[in-house]
Amino acid sequence: MATPTPTHQHDLRPFRHDHAFGSSDAEQRARGRALAGVTGLTLVTMVVELIAGWWSGSLALLADGWHMGTHAAALGGAWFALHWSRKVRDDERYAFGGWKIEVLAGYTSALLLAAVAIGLGLDAVQVLITPRPVAYREAMAVAVLGLVVNLASVWLLSRGQGGGPGHDHHGHGHGHGHAHGHVHGHDHGHAHHHDSNFRAAYLHVLADALTSVLAIGALAGGLWFGWGWLDPVVALVGALIIGQWSFGLLRDTATALVDSSAKPMLRDAVRAAIEADGDAKLADLHVWQVGPEAWSVVASVVADDPKPALAYRQRLEGIGGLRHVTVEVHRCTGAATASGAAHASGTHAHP
């Protein structure tokens, strides 16, 4: 009896790679510590203001205390999203890691910022129409306290953002060719950029700091010069600025959440690189964002004289930000038909 041939075991290790394209683990840890610190500081300030407001009977302190509570909720949500994203980064149920959890948190924070802007704007218009008395000294004390807390929060978050939005880690990319005409490529570099979640938390703190600065100026004008109209006007300006910030964040996060295709320049660069030989044509192309500065590409190439899939993948190596590339290659059916027709014609001419 013949001895059965041992089953060949494929070594898949060279072809496997990480599918988490968010910030590096060290960056996420630093941002997590910053968010936790700012959330704790905001919660302590909220409790102090609520106790002081209850003890003194100050409605301004009570109102700002609850306002601090909404910021604590937003910042705590940002920390939770970052923690959850790190926890599932290697979970196969999440196709490209947990980055979109952070994007979703950023989108939610942007909606809260928009709500703050609308509420602030409506209050400002109402006060302009129907002026009301303001306890300037008490309100200024609250605004100064809020500014101090927010400056400390800005400092903490600045430490957590590391090298800043313009700093990149350099990486290298490579692709793996397969006999069935597909190639998968990936880049091991980690982009070091502000993610949407951290950016949203930062904007919350900046928005609060901005309103505190504007409020201090407006209250000083009302206290010293009797310019009661200055407070609602400055509040309206602040609402417009915060609204602009929230719109930009909503646009960026919504684009990523719905897998909107990449910017035309990136798509055009991919198409131009693939079709550079004049033979290859893209029958199908998908480019979408999978990380702060990472894009995935799925391309279907058709050519009369098709090259190996790896050859087309290598044409894309000069395009920055492509971190997960899949290429499939097909021979043009028209070319095969034309070749068969020419062969048949030759057979008839030369029996």
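Above this text is the structure in question.
Now for a quick tour of the structure. Here the structure is a predicted model, which means the values were calculated and not measured.

Calculation notes
Numbering of residues starts from 1 in each chain and follows the order in which that chain's sequence is written. Since the coordinates come from a predicted model, pLDDT governs what is reported: local features require at least 70, and pairs of side-chain atoms require 80 or more to be given and counted, while whole-chain, interface and lining totals use all residues. Water and hydrogen atoms play no part in the side-chain values, which are based on all heavy atoms of the structure. The rule is short: rings of Phe, Tyr and Trp, with Trp giving its six-membered ring, pair when the centres are within 6.5 Å, and they are stacked under 30 degrees, edge-to-face over 60, tilted in between. Only DSSP runs of H or I covering at least 4 residues are called helices, and only runs of E covering at least 2 are called strands; the numbering of each starts at the N terminus. Accessible area is worked out with a 1.4 Å probe on protein chains only. A residue is then buried under 20% of its type maximum, exposed over 50%, and partly exposed in between. Criterion for a charge above a ring: Arg CZ or Lys NZ at most 6 Å from the ring centre, at most 35 degrees from the ring normal. Throughout, a residue-residue contact means that at least one pair of heavy atoms, one from each residue, lies within 4.5 Å. Comment: axis = line fitted to C-alpha atoms, over the contacting stretch for helices; angle = value between 0 and 180 degrees taken between N-to-C directions. Orientation is classified from the angle alone, with under 35 degrees giving roughly parallel, over 145 giving roughly antiparallel, 65 to 115 giving roughly perpendicular, and any other angle giving oblique. In this scheme the crossing of two helices becomes right-handed for a clockwise turn of the near helix relative to the far one and left-handed for an anticlockwise turn of less than a right angle. Put simply, a salt bridge is a Lys or Arg side-chain nitrogen that is within 4 Å of an Asp or Glu carboxyl oxygen.

### Details of the packing of aromatic side chains
As enumerated under the stated definition, the model contains three aromatic pairs in all. Both rings, one in phenylalanine 80 and one in tryptophan 84, keep their centres 6.0 Å apart while their planes meet at 40°; by these two values the pair is tilted. A residue pair is termed a helical-turn pair when its members lie 3 or 4 positions apart in one helix, as phenylalanine 80 and tryptophan 84 do in helix α2 (residues 59-87) at four residues. The class of phenylalanine 80 is partly exposed, set by a relative accessible area of 47%. A centroid spacing of 4.9 Å and a plane angle of 25° characterise the contact between phenylalanine 225 and tryptophan 227, whose relative ring orientation is stacked. For phenylalanine 225, a relative accessible area of 54% gives the class exposed. A connected cluster of aromatic rings, assembled from ring pairs, spans Phe225, Trp227 and Trp229. The ring of phenylalanine 198 carries the charged tip of arginine 31 above its face, separated from the ring centre by 5.4 Å.

### Focus: the side chain of aspartate 208
Inspection of the secondary structure assignment puts aspartate 208 in helix α5 (residues 196-225). Aside from chain neighbours lying at most four places away, what touches aspartate 208 is His67, Met68, His71 and Asn150.

### Re the packing of helix α3 (residues 99-129) against helix α6 (residues 230-257)
Where α3 meets α6, the closest approach of the two axes is 7 Å, and the angle between their N-to-C directions is 155°. Viewed along their axes, α3 and α6 adopt a mutual orientation that is roughly antiparallel. The handedness of the crossing between α3 and α6 is left-handed.

### Points about the pattern of salt bridges
Any two side chains of opposite charge can pair if their charged atoms end up close together. According to the stated counting rule, one finds six salt bridges in the structure shown. A salt bridge links aspartate 277 to arginine 315; the shortest N-O distance between them is 3.1 Å. Note that aspartate 277 is positioned in the loop between α7 (264-274) and β4 (281-291) and arginine 315 in the loop between α8 (309-314) and β6 (322-331), a separation of 38 residues in sequence. Residue aspartate 277 is classed as partly exposed on the basis of its relative accessible area, which comes to 34%. The network of salt bridges with shared partners includes Arg199, Arg251 and Asp252.

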